[in-house]
Amino acid sequence: MQTELSRKLGIEHAVFGFTPFPAVAAAISRAGGFGVLGAVRYTAPDDLKRDLDWLDAHAGGRPYGLDVVMPAKKVEGVTEADVEAMIPEEHRRFVRDTLAAHGVPELVEGEASGWRITGWMEQVARTQLDVAFDYPIRLLANALGSPPADIVERAHDRDILVAALAGSARHARKHQEVGIDIVVAQGYEAGGHTGEIATMVLTPEIVEAVDPLPVLAAGGIGSGPQVAAALTLGAQGVWLGSIWLTTTEADLHSPALTRKLLAAGSGDTVRSRALTGKPARQLRTEWTDAWDGPAGPGTLPMPLQGLLVAEAVSRIQKYEVEPLLGTPVGQIVGRMTAERSVQAVFDDLTRGFEKAVDRVNRIAGRSGRP
Ligand SMILES: Cc1cc2nc3c(=O)[nH]c(=O)nc-3n(C[C@H](O)[C@H](O)[C@H](O)COP(=O)(O)O)c2cc1C
């Protein structure tokens, strides 16, 4: 699974893996892919430093990257308390009532609730970058919107390639204008924040729109034939997020959630604003149904919704309240039917890719691989 881009980066497979877990990122890089660590949850620079130290020591000398979230709409000069004050009482009551209806226990005094608005603020992302630029990262990716020009410049000064996720050709062209090096064309099927265009349609649109920039196809990819399809559509590689969630290296902290992911079919996700206020694909649960149903008060815009549900999500996760328990994940969840090591995922991708290329050649009446 080699392409011009994989050769440029010195990796064996043009498979990029986004993951919030350092152990998964390291395993992806060791397996010959390109591990990219999600930084959004690191609100304390020391935590990020600790995990980058670990990642650097365990990536086997292979390249790896970091993904930050700098929303296009900036949340600046606003504190968490300001945002808290903007949340209507009706919405707070809905959260309380939904949790009470499922008997979800309270957190113990002093326990932090996972999700904080701060991870989505540009100044926090900049603090993360101040830490990350001290490490030999080879790629910096930005999730929501084009990265600021000065960040692109700082990365380029350090010989770091810059990538940005795009859900439309228009977004991809905006990224190109700020001088990024790689566009991740992320389709509707993907886990996490996603647009409305399917990967099959989006990838060639973006490839054409930003030519000659290399494009990675993302969303709904989890098998070798799908990697082959992505390259056929003009992508220089693939960017996978969901598939790693059920690897043995992932640390979901919830056996019940792993069981739910392994049991879910490709139709068991929903694109809902319930988690952050922006449409994000996730497991469909009674929690997303409550928010998206007619009895709900409607979701709030980002970052209010994320802050409103932060503690509730932590409580649901901690006590593994199964009907409400979910996570961002894409439609590829239907193929995630057994826990496997990251290496086993790569073995499966490679085998499937080779078979797919052989099959296409056979069908087309050609012999041998290109
Ligand atoms: C649990 C989870 C969390 C994610 N968080 C982020 C994030 O913080 N930043 C980002 O750029 N993309 C994030 N994504 C999206 C991935 O980077 C990737 O584009 C997507 O997972 C690809 O589609 P797939 O889920 O079908 O593999 C997340 C995806 C998942 C499944």
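Because the structure is a prediction, the values reported are computed rather than measured.

**A closer look at the overall build of the protein**
Helix and strand counts for the protein stand at 14 helices and eleven strands. Over its C-alpha atoms the protein spans a radius of gyration of 20 Å, differing by no more than 12% from the 21 Å that the globule rule assigns to 370 residues. Projected onto the principal axes, the alpha-carbon positions of the protein cover approximately 65 × 45 × 40 Å. Relative to its full complement of 370 residues, the protein shows a buried share of 52%. In the protein, the share of contacts with a sequence separation of at least 24, taken over all contacts with a separation of at least 6, comes to 67%. As displayed, the protein offers around 16000 Å² of accessible surface, 51% of which is attributable to carbon and sulfur atoms. A gap of 5 Å separates the mean positions of the 37 positive and 46 negative side-chain charges of the protein.

**Section: the domain arrangement of the protein**
Domains assigned within the protein are domain 1 (1–75 + 121–245) and domain 2 (79–114 + 252–339). Placing the centre of domain 1 and that of domain 2 at their C-alpha centroids yields a distance of 25 Å. Across the contact, 20 residues belong to domain 1 and 18 residues belong to domain 2. A combined buried area of about 1500 Å² lies between domain 1 and domain 2, and 66% of that area is made up of carbon and sulfur atoms. Where domain 1 packs against domain 2, one counts one salt bridge.

**A closer look at the packing of helix α3 (residues 45–58) against helix α6 (residues 122–132)**
Contact geometry of α3 with α6 gives a least axis separation of 10 Å together with a crossing angle of 35°. The element α3 and its partner α6 pack so that their crossing is right-handed. Across the interface between the two elements, P45, L48, K49 and L52 from α3 touch T127, Q128, V131 and A132 from α6. Looking at the contact of α3 with α6, its residues break down into five nonpolar, two polar and one charged.

**So, the packing of aromatic side chains**
Applying the stated criterion across every chain yields a total of four aromatic pairs. Ring geometry for F94 and W291: centres 4.8 Å apart, planes at 70°, overall edge-to-face. Here F94, found in helix α5 (residues 89–101), pairs with W291, found in helix α12 (residues 286–292); they are 197 residues apart in sequence, far enough to count as distant. In this structure, F94 and W291 share a single accessibility class: buried.

Rules used throughout
- Residues numbered from 1 in each chain as written.
- Predicted model: local features only at pLDDT ≥ 70, side-chain atom pairs only at ≥ 80, totals over all residues.
- Heavy atoms only, no water.
- Helix = DSSP H or I, 4+ residues; strand = E, 2+ residues; numbered from the N terminus.
- Rg over C-alpha atoms; globule rule 2.2 N^0.38 Å.
- Buried < 20%, exposed > 50% of the residue type's maximum accessible area, 1.4 Å probe, protein only.
- Contact = heavy atoms within 4.5 Å.
- Areas by Shrake-Rupley, 256 points an atom, 1.4 Å probe, with all protein chains shown as cover.
- Lys, Arg positive; Asp, Glu negative; His and termini not counted.
- Charge placed at Lys NZ, Arg CZ, Asp CG, Glu CD.
- Domains from an automatic or database assignment.
- Buried area = accessible area lost by both parts, 1.4 Å probe.
- Salt bridge = Lys/Arg side-chain N within 4 Å of Asp/Glu carboxyl O.
- Axes fitted to C-alpha atoms, helices over the stretch in contact; angles between N-to-C directions.
- Left-handed = near helix turned anticlockwise from the far one by under 90°.
- Nonpolar A, V, L, I, M, F, W, Y, C, P; charged D, E, K, R; others polar.
- Phe/Tyr/Trp six-rings, centres within 6.5 Å; stacked < 30°, edge-to-face > 60°.

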